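An overview of the molecular structure
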Amino acid sequence: MIRKLAPYTKGYRVYILLGILCSAGEAVLELMLPKAMSSIVDYGIGGNGGAGDRSYILTMGLKMVLMALICLALGVGAAALAAKAGMGFGANVRDAEYRQVQRFSFSNIEHFSTASLITRLTNDVSSVQMTLMMGMRMLVRAPVMLITALVMALRISLQLSQIFLVILPLLALMVFIILRYVGPFFTSLQKATDGLNLVVQEDLNAIRVVKSFVREDREKEKFFQRSETLRQTAERAFGFVVTFIPMVNLIMGGAIVSIMWLGGHYVAGGQMLSGDLLAFFTYASEILMSLMMVAMVMMVLTRSIACGKRIVEVLEEQPEITDDDAVKEIADDGTERELTLSDGSIRFDHVYFKYHPDSAEWNLTDIDFSIASGMTVGILGGTGSAKSTLVSLIPRLYEATEGAVYVGGHNVKDYTMETLREGCAMVLQKNTLFSGTIRDNLRWGDENATDQEMEAACRMACADEFISRMPDGYDTRIEQGGTNVSGGQKQRLCIARAILRKPKVLILDDSTSAVDTATDAKIRAALKEALPGSTKLIIAQRISSVMDADVILVLDDGKISGMGTHEQLMASNPKLQEQLEERVAAAVAEARAAWEAEQEVPEEEVAEPSEPEEARRLAEEREALEEEKAAFARQRMEVAVGQELCKRNLPAAFAPWLAGETAEESAQRLDTFEVLFQEAIAQAVTSRMRGSGAPKAPETARGYSWQELRNMTHQEINANWTAIQKALESGG
């Protein structure tokens, strides 16, 4: 791990070398002070027959002051150099790691997690750079002091130094045991940190969802659980450190007591001078402190090794999508250059794809089609039919597992990723805006775009409508993630950003789902007029969004179930017919829900009936459905009947039963149904007015106002629906 991170010290190796020399010099000079003190005691105080030698004391004292000042200068220099080298090393590692993440494909990023990558870029790098800073100081200072102090102690007294034969092995054994058991805990500690960061990131990114579903308590519980796991792991890891410190203090205390007791006997017996005992005692303290310092650094190093391994995992992760297969082309001047994207033609050559090599099923199966440059292609399919996966292969966000994808007549692998993606603009299903102004976000499409170009792009995307109403216009501040604009506004800004790129291929991945039908039509018309040479791929849920496309692809479970114009598919493709039926059923269900919501409005809040917004949307849908084949006549009739039911404030859920073969037949059924329904309401009114007694014969409700009818409870009306159904089935 150290060998793999060592190259990132480039540019700071001189600082590291000078820092090591300063730390070593500081340690050596510091260990010369006890010997000088010993000389003052033995010769300055005890010299001349006990009278002392003042000049010797002053001379040695000045030397000690000079050595102390030099130690101070070396210590400050070592600390400054260590900080410079550590911070520079951390910056290099962080920069290299971030650059590597930028090279990752989506599958590489999914191999880790976003929270884990953030931890590896911040927490792990900080731990490694702190270890380098401590290592330049302590890992140099401690061994130098240990060896030098041990040599000086041996020179003073070999007999007294035998105490170290017992003390040093005990401390070494303790350090070994601690490091052996602490290492795995530090690895678990970093994983627990990843888990905590993941919870925080999810909560902050989805704070609106959390609050709208009133899930604050549940999220607090999740955070508490992850935090508790981190606390317990940290306690187990640092618990060994807490145990280690008092044990070391006990051994050091025992060593000092032994030295004082044996040394006192040696001094009393004339085998040792008192100054030498003082110096030996100081050296022994330095030896023990050095060992303790080494042990502490080793524990920090253990955590740093765990962090370093995680960093190396990112640095050694091989990007699945690279430019290794990119080819060169010959320019007009005869020089080689990167292959350029000449047009927006697209061809899928029997493409198979799955996200994970070990997956049993394919996400895309035998995709084979060709699109000429400048065409507009619609892509339809149910949820999970791999529409987004299909278009993600064009700019090489993912790599085809089998087969090949061609853009501009060349395999996408022949282009560099920069060239290919600059020629493709993609508005993803999940729109993203960055913190900054609207102008800053638009310039992601073209950083050199003029104000006129940005305004033109916004007009095409129908974004100028709301930008002009903002007080600061294009200088309006966008919050992180675009939280201060609506979903439809965010989509239109992202479309404008893509238009500014003037791409050869424009991919709209359900990017108009949050705008109304009229705005959607305006955007499509503007794109067709402004980008005639660009190939446009439009993924949509609304059939009306792709009706005018040159070609429509229908996907079903990762396979192409149909391809052709709208008219061709309407006549032959059952999948498209199924989608249309689902849209009609959903529209009728929504109309019913709108009607039921009106029934529960209190009397004082009830207004005169007016056509609901949903009914107006259904009318637009009906206009499109009228152009369909005769096979869908009944569905169109159901939508029309549902609209009429809403106008009459009747439940739209009965539209499938009331729709006839002709408009006259449907109108006759509607009139019959209205009378029957009013009679049912009258029966509910009679029952309600007369309490729990048996109601009289049904009577019509034509004498009641709509306000009174609306205020009947939903349960009372439901009770009579069965009778209405039977009456309809029997012909009224």
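Above this text is the structure in question.
These notes cover the structure that comes with them.

So, how was this worked out
- Residues numbered from 1 in each chain as written.
- Predicted model: local features only at pLDDT ≥ 70, side-chain atom pairs only at ≥ 80, totals over all residues.
- Heavy atoms only, no water.
- Helix = DSSP H or I, 4+ residues; strand = E, 2+ residues; numbered from the N terminus.
- Buried < 20%, exposed > 50% of the residue type's maximum accessible area, 1.4 Å probe, protein only.
- Contact = heavy atoms within 4.5 Å.
- Areas by Shrake-Rupley, 256 points an atom, 1.4 Å probe, with all protein chains shown as cover.
- Axes fitted to C-alpha atoms, helices over the stretch in contact; angles between N-to-C directions.
- Parallel < 35°, antiparallel > 145°, perpendicular 65-115°, else oblique.
- Left-handed = near helix turned anticlockwise from the far one by under 90°.
- Nonpolar A, V, L, I, M, F, W, Y, C, P; charged D, E, K, R; others polar.
- Pairing = 2+ DSSP bridges.
- Salt bridge = Lys/Arg side-chain N within 4 Å of Asp/Glu carboxyl O.
- Patch = residues over 30% accessible without salt bridge, like charges linked within 9 Å, V, L, I, M, F, W, Y side chains within 5 Å.
- Phe/Tyr/Trp six-rings, centres within 6.5 Å; stacked < 30°, edge-to-face > 60°.

A few words now on the overall build of the protein. Along the protein, the regular secondary structure elements total 26 helices and 14 strands. Looking at the 732 residues of the protein, the share that counts as buried comes to 46%. For the protein, long-range pairs separated by at least 24 residues make up 75% of all intrachain contacts whose partners lie at least 6 apart in sequence. As presented, the protein carries roughly 37200 Å² of accessible surface, and 56% of it is formed by carbon and sulfur atoms.

Moving on, we get to the packing of helix H5 (residues 114-121) against helix H10 (residues 274-316). One way to put it is that H5 packs onto H10 with a least axis distance of 10 Å and a crossing angle of 115°. What the angle tells us is that H5 and H10 run roughly perpendicular. Between H5 and H10 lies a crossing whose hand is left-handed. Only Arg310, Ile311, Glu313 and Val314 of H10 make contact with H5, whose side of the interface consists of Ser116, Leu117, Thr119 and Arg120. Of the residues contributing to the contact of H5 with H10, the split by class is 3 nonpolar, 2 polar and 3 charged.

With that settled, consider the pairing of strand E14 (residues 559-564). In the sheet, strand E13 (residues 551-556) pairs with E14 via 5 bridges, with the strands oriented antiparallel. What sits directly across from Asp556, in E14, is Lys559. Taking the residues between adjacent antiparallel strands as the criterion, E13 and E14 are bridged by 2 residues, where Asp557 takes a positive phi near 55°.

All chains considered together, the criterion is met by 18 salt bridges. Notably, a salt bridge pairs Glu26 with Arg137, separated by 3.0 Å at the nearest N-O pair. Separated by 111 residues along the polypeptide, Glu26 in helix H2 (residues 13-45) and Arg137 in helix H6 (residues 123-156) bring together distant segments of the chain. Glu26 gets classed as buried once you look at its relative accessible area, which sits at 9%. Residue Glu228 is joined to Arg231 by a salt bridge in which the shortest nitrogen-to-oxygen separation is 2.1 Å. Placement of both Glu228 and Arg231 in helix H9 (residues 216-268) is noted, with a separation of 3 residues, approximately one turn of the helix. A relative accessible area of 22% places Glu228 in the partly exposed class. For Arg231, a relative accessible area of 36% gives the class partly exposed. Here the residues in one salt-bridge network are Glu26, Glu30, Arg137 and Arg141, joined through shared partners.

Here Ser127 shows up in helix H6. Under the relative-accessibility criterion, Ser127 is labelled buried at 14%.

Right, let's get into a nonpolar patch on the surface. Together, Val14, Leu17, Leu18 and Leu21 make up a nonpolar patch on the protein surface, roughly 390 Å² of accessible area in all. Examined against the element boundaries, Leu17 turns out to sit in helix H2.

Time to look at the sheet that holds strand E7 (residues 410-411). What the 4 strands build is an open sheet, ordered E4-E3-E6-E7; its pairing is antiparallel. Single-partner strands in this sheet number two, and they are strand E4 (364-371) and E7. Where strand E3 (residues 346-353) and strand E6 (residues 402-407) come together, 5 bridges link them in antiparallel fashion. Counterpart to Tyr352 in the pairing with E6 is Glu402.

The strands that make up a sheet are held in pairs by hydrogen bonds between backbone atoms, and each pair lies either parallel or antiparallel. Spatially, E8-E11-E12-E5-E13-E14 is the arrangement adopted by the 6 strands of the open sheet, whose pairing is mixed. Edge positions in the sheet fall to strand E8 (424-427) and E14, since each has one partner strand and no second. Sheet twist, expressed as the mean angle between neighbouring strand axes with direction ignored, is 15°. Alignment of strand E5 (residues 376-381) against strand E12 (residues 535-539), held across 4 bridges, turns out to be parallel. Counterpart to Val377 in the pairing with E12 is Leu537. Strand contacts of helix H16 (residues 487-500): E8 and strand E11 (505-509), with the helix running at about 180° to E8, the strand carrying the most contacts.

Okay, the packing of aromatic side chains next. Following the criterion strictly, the structure yields 9 aromatic pairs and no others. Residues Tyr12 and Tyr15 carry aromatic rings whose centres are separated by 6.1 Å and whose planes lie at 35° to one another, so their mutual orientation is tilted. Since its relative accessible area comes to 23%, Tyr12 is described here as partly exposed. Between the aromatic rings of Phe434 and Trp444, the centroid separation amounts to 4.1 Å while the plane-to-plane angle is 0°, which identifies the pairing as stacked. Here Trp444 lies in the loop between helix H13 (438-442) and helix H14 (451-460) and Phe434 lies in the loop between E8 and strand E9 (436-437), a separation of 10 residues in the sequence.

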